[in-house]
2 protein chains.
Amino acid sequence: MMNNSEHKILLVDDEPDILEFLSYNLKKEGYQVYTALTGEEGITVAKKEMPNLVLLDVMMPGIDGMEVCRELRAVPGMDGVVIAFLTARSEDYSHIAGFEAGADDYINKPIKPRVLLSRIKALLRRSGNGNESTAVDVGKLRIDRESYLVFKDGAEISLPRKEFELLSLLASKPGKVFARDEILNKVWGDEVVVGDRTIDVHIRKLREKLGEEFIRTVKGVGYKFEF
Amino acid sequence: MMNNSEHKILLVDDEPDILEFLSYNLKKEGYQVYTALTGEEGITVAKKEMPNLVLLDVMMPGIDGMEVCRELRAVPGMDGVVIAFLTARSEDYSHIAGFEAGADDYINKPIKPRVLLSRIKALLRRSGNGNESTAVDVGKLRIDRESYLVFKDGAEISLPRKEFELLSLLASKPGKVFARDEILNKVWGDEVVVGDRTIDVHIRKLREKLGEEFIRTVKGVGYKFEF
DNA sequence: CTCCATATCAACATCATGTTAACTGAACAA
DNA sequence: TTGTTCAGTTAACATGATGTTGATATGGAG
């Protein structure tokens, strides 16, 4: 197994508390951790250390995370770096802009260590595999989380956010039945309470756009993606 | 699907009202609930019952939640347990200390039942995910709980929920005779009251779909799975 | 043979999901 | 501003699979 100590992680956040918290948890796992309190500092450190992963707070005084991300992407040799945003849950659409700016992932605050660590592992694993694309191929579909696009027979299908995330979730484990509870948790979040029919309607829209053959209902249990 | 009754939850809070409130809501969902009014009691009960999830109030007289958490983490065999904090403080970063103590999540008071339940489900799901074997092979059958499918000679057989759960139960211990009572409890749950014939009919449907050779009737006792 | 648990079947009830259309609010353009 | 479009959600209702029941048949143990 790859040792975590081979990985450098740069944290950029204006809150010392959070930096310390994240730093503590990541170091505990054996990562080499660098921190920066401002966007400027972050860029400087990044250029110097060439980290494998950058965790960026979106909201910072001065240069914000989005801008840091764009600047980092412009640095030669920095294109392979994985960049993830830290965002408050309320900033609902921030990650979309984030993806456009070149982010690989976004992580909601408040941050839970287990979630953080598993996300980071996943991100690093992905980046480690060389130039593997962020797209997933499942049967006739290609789901590209980076561009938020789905391709079917070469045709580009653009999906709204919720639909995309729902599809994305289901396709993340083809064959697995996702319970409605689980879907609500993962796509809508803990606190959001939406009606029973909301999922169905989204499923229906997906089926309309993609065809009937991909999403299968398992009555009384949930939905699953098939290929 | 897995019944909630398989999950033990320990609540530790010095306020009887809150304990009762939480206990009521969790029991209603079918969890096995244990309560403790102090940190000491919590640790004692935890060691004895080995719950799957511990909900800890942070602020308690005597040993506080943080300390309980640390002590629990030190108990052998307790490392897989999910520990979540209940905290009144919302926006500050007091939970950071909690995470350092080994907590998996924190839940803000005031607690809304819906949020609590969905968080708990998510936590238990995550904890169970690691070592869960998804498919079971029994003789000519393969039962895949993840995709809710049964395979026989490579052919895919799709079963309705109750039938699948019934088969799943019987096949979980091939050879063992399950009494009708036991079947009712595990598949239908405690609260549901259904007539005598219901089980027979489901057995019949299973035999229709799978063949006669798998489920054997033990008159006066129950049913068992054979292979 | 007789008794009683189980089997079987068809009628019935129920519940999860499908479907449609309408409503809200955000983003955007004229 | 107003109007327009779209994502997301919801209510109301339709539909059909699924679950349940009771009447009746069957079959094995004693």
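Data block above holds the structure.
Here the structure is a predicted model, which is why all the values come from computation and not from measurement.

Visitor: Lay out unusual backbone geometry in plain terms, naming residues and giving numbers.
Guide: All names here are of chain B. Non-glycine residue Met50 carries a positive phi angle of around 50°. Mapping Met50 onto the fold places it in the loop between helix H2 (39-49) and strand E3 (53-57). Classification of Met50 as partly exposed rests on a count of 14 C-beta atoms within 10 Å. If you check the backbone angles, Asp153 has positive phi at about 55° while not being a glycine. Structurally, Asp153 can be placed in the loop between strand E8 (149-152) and strand E9 (155-158).

Visitor: Got a sec to walk through helix H3 (residues 65-74) of chain A? Specific residues and values, please.
Guide: Among the residues making up H3(A), those that are buried are Gly65(A), Met66(A), Val68(A), Cys69(A) and Leu72(A). Here the buried residues of H3(A) occupy an arc of 160° about the axis, which is enough to place them on one side.

Visitor: So what's going on with the protein's contact with DNA strand D? Which residues, and what values?
Guide: Surveying the vicinity of DNA strand D reveals 24 residues, the closest of which are Pro160(A), Val194(A), Gly195(A), Pro160(B) and Gly195(B). Elements with a minimum of two residues in the surface near DNA strand D: helix H6 (161-172) and helix H8 (197-210) of chain A together with helix H6 (161-172) and helix H8 (197-210) of chain B. Considering only residue class, the surface near DNA strand D consists of nine nonpolar, five polar and 10 charged.

Visitor: Got a sec to walk through the sheet that holds strand E11 (residues 215-218) of chain A? Specific residues and values, please.
Guide: Residue and element names in this part refer to chain A. Taken in spatial order, the three strands line up as E10-E12-E11 in an open sheet, and their pairing is antiparallel. The open sheet has two edge strands with one neighbour each: strand E10 (177-179) and E11. Across the sheet, the mean angle separating the axes of adjacent strands is 30° when strand polarity is ignored. Of the strand pairs in this sheet, E10 and strand E12 (residues 222-225) are connected by three bridges, and their pairing is antiparallel. For Phe178, the partnering residue across the bridge sits in E12 and is Tyr223. Against the sheet, helix H7 (residues 180-188) makes contact with E10 and E12, and its axis sits at roughly 75° relative to E10, the strand it touches most.

Thresholds, definitions, all that
- Residues numbered from 1 in each chain as written.
- Chains lettered and ligands numbered in written order.
- Predicted model: local features only at pLDDT ≥ 70, side-chain atom pairs only at ≥ 80, totals over all residues.
- Helix = DSSP H or I, 4+ residues; strand = E, 2+ residues; numbered from the N terminus.
- Buried ≥ 20, exposed ≤ 12 C-beta atoms within 10 Å, placed from the backbone.
- Arc of directions from axis to C-beta.
- Near = placed C-beta within 6 Å.
- Nonpolar A, V, L, I, M, F, W, Y, C, P; charged D, E, K, R; others polar.
- Pairing = 2+ DSSP bridges.
- Axes fitted to C-alpha atoms, helices over the stretch in contact; angles between N-to-C directions.
- Contact = placed C-beta atoms within 7 Å.

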